[in-house]
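Summary of structural features
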Amino acid sequence: MLPRTPVLRVSSFADLDARTFHDLLKLRIDVFVVEQACVYPELDGRDVEPGTRHLWLAEDDVPVAYLRILADPGGIERIGRVVVAPAARGGGHAGRLMTEALAVVGHRPCVLEAQSHLVGFYARYGFDVSGPEYVEDGIPHTPMRREAASGPS
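It should be emphasised that the depicted structure is a prediction, and the values quoted were computed from it without experimental measurement.

1. Here's the deal with the pattern of salt bridges
The final tally for this structure, using the stated rule, is 17 salt bridges. Note that Lys 26 is salt-bridged to Asp 30, the shortest N-O span being 2.8 Å. You can see Lys 26 and its partner Asp 30 sitting in helix H1 (residues 18-35), four residues apart, about one turn around the helix. Overall, the relative accessible area of 43% leaves Lys 26 in the partly exposed class. Looking at Asp 30, the relative accessible area reads 35%, which means it is partly exposed. Linked by salt bridges that have partners in common, Arg 28, Glu 42, Asp 44, Asp 47, Arg 68 and Arg 81 make up one network.

Next up, the structure:
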């Protein structure tokens, strides 16, 4: 039997059911707080903002990869919380989510705070380093920006 391709889901917070939101948070906490040993306020209040979009890939309704897109001031989109479950790594899931996220972002400018070892990954999606590296929660990060794409002529 061939492995199934995870199903893409996109939702606002208002359209998430409690179980799905729980499972998305569990994935984020398992990786960012437990695996990476970063004690920080994972619930930052931004998940519930009306402009936030949650994107994830699910296998049998269980999230295996996730990211969120925030609507920052000035028409800028912010991609964050990009995560893949340890058992699902190496399957191209982060790349699939980035492609889908940029389709959602469309022609608007977009920023993210990359863990520095992933700068090359995000560069493949048109992001350029936009500031100096800094350390957050013991992990080097690099700000990156993708300028507004030109629309159809």
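2. Focus: the packing of aromatic side chains
Evaluation of the coordinates by the stated rule reveals four aromatic pairs. Taken together, a centroid distance of 5.0 Å and an interplanar angle of 75° make the contact between Phe 121 and Tyr 122 edge-to-face. An identical accessibility class is assigned to Phe 121 and Tyr 122; each is buried.

Cut-offs used in this document
- Residues numbered from 1 in each chain as written.
- Predicted model: local features only at pLDDT ≥ 70, side-chain atom pairs only at ≥ 80, totals over all residues.
- Heavy atoms only, no water.
- Salt bridge = Lys/Arg side-chain N within 4 Å of Asp/Glu carboxyl O.
- Helix = DSSP H or I, 4+ residues; strand = E, 2+ residues; numbered from the N terminus.
- Buried < 20%, exposed > 50% of the residue type's maximum accessible area, 1.4 Å probe, protein only.
- Phe/Tyr/Trp six-rings, centres within 6.5 Å; stacked < 30°, edge-to-face > 60°.

Geometry only, nothing functional implied.
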